[in-house]
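One letter stands for each residue in the lines below.
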Amino acid sequence: MKLSTEAESRSAFANFDDWVRRKTTVVEMDHSNLIDAAAMLRRLDLTLRTPDAIHLAIAQRLGAELATFDQRMADCAPHPGNPRRRPVTNAPAFARLSP
């Protein structure tokens, strides 16, 4: 595998930062996200890692769709095509995954 040069790396970061500015919305995490993430981590039927549980809790709170390349995280996120669809807390719907 060829390592990128410093210039190539800086260009890649600049392109990513530009994409983030144009296509995403930064949201703040609040205390309830940690409480919901902790509840997810205590479910023995889920195999979430802590950062994934936090991301799912934030998506749940916002009612946002979640896109991920992490199959383990996708398997843990209840959605219409997932038979394990069960709310984690009394919060509204869990994160929906786009097909």
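Residues numbered from 1 in each chain as written. Predicted model: local features only at pLDDT ≥ 70, side-chain atom pairs only at ≥ 80, totals over all residues. Heavy atoms only, no water.

## A few points about the nonpolar core
Heads up, the condition is: Throughout this description, the term nonpolar core refers to a set of buried Ala, Val, Leu, Ile, Met, Phe, Trp, Tyr and Cys residues connected via side-chain atoms within 4.5 Å. Three labels apply to residues, based on accessible area from a 1.4 Å probe with only protein chains included: buried if under 20% of the type maximum, exposed if over 50%, partly exposed otherwise in between. Secondary structure counts use DSSP, requiring at least four H or I residues in a row for a helix and at least two E residues in a row for a strand, with both numbered from the N terminus.
Ala37, Met40, Leu46, Leu48, Ala53, Leu56, Ala57, Leu66, Met73, Cys76 and Ala77 together form the largest nonpolar core, which totals eleven residues. Of all the secondary-structure elements, those providing two or more residues to this core are helix H2 (31–41), helix H3 (50–62) and helix H4 (71–76). Residue contributions to this core peak at three residues, all from H3.

## Structural notes on the layout of surface pockets
Test applied: For cavity detection a 1 Å grid was placed over the protein atoms alone, and a set of points counts as a cavity when a 1.4 Å probe fits there but cannot get out; an open set counts as a pocket when protein lies on both sides within 12 Å along at least five of seven lines, with lining residues being those that have an atom within 4 Å of a point. Grid points are joined across faces, edges and corners, and a volume is the space filled by probe spheres set on the points. Each residue gets one label: Ala, Val, Leu, Ile, Met, Phe, Trp, Tyr, Cys and Pro are nonpolar, Asp, Glu, Lys and Arg are charged, and the others, such as Gly, are polar.
In this model, the largest pocket occupies a volume close to 240 Å³. For the lining of the largest pocket, a count of residues per class yields four nonpolar, three polar and one charged. Here the second largest pocket defines a volume of roughly 170 Å³. Residue lining of the second largest pocket: His55, Ile58, Ala59, Leu62, Ala64, Glu65, Leu66, Ala67, Thr68 and Met73, and that is the complete set. Looking at the lining of the second largest pocket, the elements with two or more residues in it are H3 and strand E1 (65–66). When the residues that make up the lining of the second largest pocket are grouped by side-chain class, the tally is seven nonpolar, two polar and one charged.

## What to know about the confidence of the model for the chain
Stated formally: The predictor's confidence in any single residue is recorded as pLDDT, a number from 0 to 100. What makes two residues a contact is simply this: any of their non-hydrogen atoms within 4.5 Å.
Of the residues in the chain, 78% reach a pLDDT of 70 or more, and the chain-wide mean stands at 78. Averaged pLDDT values for the elements of the chain fall to 39 in strand E2 (residues 96–97) and rise to 94 in helix H1 (residues 6–23). Taken as a whole, residues 82–99 scores under 50 in pLDDT and shows 51 contacts with residues more than four places along the chain or in a different chain.

## Brief notes about the packing of H2 against H3
The condition is simple: Convention adopted: a line fitted to C-alpha atoms gives each axis, helices being fitted over their contacting stretch, and angles between N-to-C directions are expressed from 0 to 180 degrees. Just so you know how the angles are binned, under 35 degrees is roughly parallel, over 145 roughly antiparallel, 65 to 115 roughly perpendicular, and the rest oblique. Two helices cross in a left-handed way if the nearer one is turned anticlockwise from the farther one by less than a right angle. They cross in a right-handed way if the turn is clockwise.
Taken N-terminus to C-terminus, the directions of H2 and H3 make an angle of 125°; their axes are 8 Å apart at the nearest point. As summarised for this structure, H2 and H3 are arranged oblique, according to the angle between their axes. At the point where H2 passes H3, the crossing takes the right-handed sense. Taken together, the residues of H3 that come into contact with H2 (itself represented by Ser32, Asn33, Leu34, Asp36, Ala37, Met40 and Leu41) are Thr50, Ala53, Ile54, Leu56, Ala57, Ile58, Gln60 and Arg61. When its residues are assigned to classes, the contact of H2 with H3 shows nine nonpolar, four polar and two charged.

## Considering H3
In plain terms, the rule: For a helix, the expected span equals 1.5 Å multiplied by the residue count minus one.
Here H3 contains 13 residues, and its C-alpha end-to-end distance of 19 Å stays within 8% of the 18 Å for a straight helix at 1.5 Å per residue. Buried within H3 are the following residues: Asp52, Ala53, Leu56, Ala57, Ile58, Ala59 and Gln60. Buried residues belonging to H3 abut H2, E1 and H4. Of the residues trailing H3, Gly63 is marked for its positive phi of about 65°.

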